[in-house]
Amino acid sequence: MINAIAVPAFRDNYIWLVHDAANRTVIVDPGDAQPVLAALAHHALTPVAVLITHHHHDHTGGIGDILARYPVPVLGPARESIPAVTRRLNDGERICVPSTSMEFTVLDVPGHTAGHIAFFGHNTLLCGDTLFAGGCGRLFEGTPVQMYCSLQKIARLPETTKVYCAHEYTEDNLRFAAAVEPNNADLRARIAAVNQLRRNNLPTIPSTIGEEKRTNPFLRCDEPDVRAAAIAFADMPPESADQVFAALRSRKDRF
Ligand code: ZN
Ligand code: FE
């Protein structure tokens, strides 16, 4: 049994503290150390490892100050240059978090960055800036086809999987989703629920894979309404699902 605590950082980041019943904790993507150290003390959590999904500063900037206080292993992507990483992870690798019963499988999910990874285990997906609630990450280093394939890989996980992404972008993402699929009833219900959470200043995360498959346009590129929206957006009519994805992603960049 594991649990996750959201530590808000910067403007809209979440740093996740994933812990077991004995409060042994993995720190996921600590862009900033101060709020993490405060939350660890407040919840009486003992850090045992840091997990990193990709190299961006808002996911790695706090590693140094956390290690100064807690010298724990740092597990991160093999194909990105992150000096603090002590164990470099490849696709399909299974990791056992030291001194806990936590186990995760590493998934290569390139697109946002070239070597981005995600962690899957205990009905939980830690996916950084790849899949967002209602959206997906920008393509800084990868191609649309790479990101499309990464999202399809994630979509094949069990529908009940809880999705922990690293930013509170959900309201904006769902505004775009509603422009793509104005007649999606699941999406309308989700927007109402998300607006309510945000009015109360609560996180909209985690979602589930099932919820994302029903409401996130980037996982719905085969749906006729999504395809029709992509045709309306694109200079050239998209043919394959990955071209639908590319048209949506480029439109979202300017939305
Ligand atoms: Zn990023
Ligand atoms: Fe980020």
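What comes next concerns the included structure.

### Notes on the nonpolar core
Then, number 1: Membership of the largest hydrophobic core comes to 53 residues, with the highest contact counts inside it found for V18, V26, F104 and F119.
Then, number 2: Counting contributing residues, this core receives three or more from each of domain 1 (1-86) and domain 2 (103-255).
Then, number 3: Residues in contact with V18, not counting those within four places in the same chain, are I2, N3, A4, R24, T25, V26, V28, M102 and L126.
Then, number 4: Formed by 20 residues, the second largest nonpolar core is a distinct cluster that contains I5, A39, V72 and V74.

### What to know about the packing of helix α4 (residues 144-155) against helix α9 (residues 241-253)
Then, number 1: Running from N to C, α4 and α9 point in directions that differ by 110°, and their axes come no closer than 9 Å. In terms of orientation, α4 lies roughly perpendicular with respect to α9. Where α4 abuts α9, its residues P144, V145, M147, Y148 and L151 lie against A241, D242, F245 and A246.

### Section: the coordination of the iron ion (ligand 2)
Then, number 1: Coordination of the iron ion (ligand 2) by the protein comes from D58 (OD), H59 (NE2), D129 (OD) and H167 (NE2), over a distance range of 2.1 to 2.3 Å.
Then, number 2: Coordination at the iron ion (ligand 2) is irregular, judged from the four donor atoms that bind it and the angles of 85 to 168° they form at the metal.
Then, number 3: Along the chain, the residues that donate to the iron ion (ligand 2) are spaced as D-H-x69-D-x37-H.
Then, number 4: If you look at the iron ion (ligand 2) and the zinc ion (ligand 1), they sit 3.2 Å from each other and are both ligated by D129. With a gap of 109 residues between them, D58 in helix α2 (residues 57-60) and H167 in the loop between β13 (162-165) and α5 (170-180) connect regions that are remote in the sequence.
Then, number 5: Assessed through its relative accessible area of 4%, H167 is described here as buried.

### So, the sheet that holds strand β4 (residues 46-51)
Then, number 1: Reading across the sheet, the six strands line up as β1-β2-β3-β4-β5-β6 and stay open at both edges, with mixed pairing between neighbours. Lying at the two open borders of the sheet, with one neighbouring strand each, are β1 (3-9) and β6 (87-89). For this sheet, the mean angle separating the axes of adjacent strands, direction not counted, is 25°.
Then, number 2: Across the sheet, helix α1 (residues 34-43) touches β1, β2 (13-19), β3 (24-28) and β4, and the angle it forms with β1 is around 140°.

### Topic: the pairing of strand β8 (residues 103-108)
Two faces, one strand: in a regular strand the side chains alternate between the faces of the sheet.
Then, number 1: Burial of β8 is extensive: five of the six residues sit out of reach of the surface.
Then, number 2: Examined bridge by bridge, strand β7 (residues 94-96) and β8 share three bridges and lie antiparallel to one another. The partner of R94 across the bridge, within β8, is T105.

Reading the values: the criteria
Residues numbered from 1 in each chain as written. Chains lettered and ligands numbered in written order. Predicted model: local features only at pLDDT ≥ 70, side-chain atom pairs only at ≥ 80, totals over all residues. Heavy atoms only, no water. Core = buried A, V, L, I, M, F, W, Y, C linked by side-chain atoms within 4.5 Å. Buried < 20%, exposed > 50% of the residue type's maximum accessible area, 1.4 Å probe, protein only. Domains from an automatic or database assignment. Contact = heavy atoms within 4.5 Å. Axes fitted to C-alpha atoms, helices over the stretch in contact; angles between N-to-C directions. Helix = DSSP H or I, 4+ residues; strand = E, 2+ residues; numbered from the N terminus. Parallel < 35°, antiparallel > 145°, perpendicular 65-115°, else oblique. Donors = N, O, S within 2.8 Å, 3.2 Å for Na, K, Ca; no water. Tetrahedral: all angles 85-135°; square planar, octahedral: opposite > 155°, others 65-115°. Pairing = 2+ DSSP bridges.

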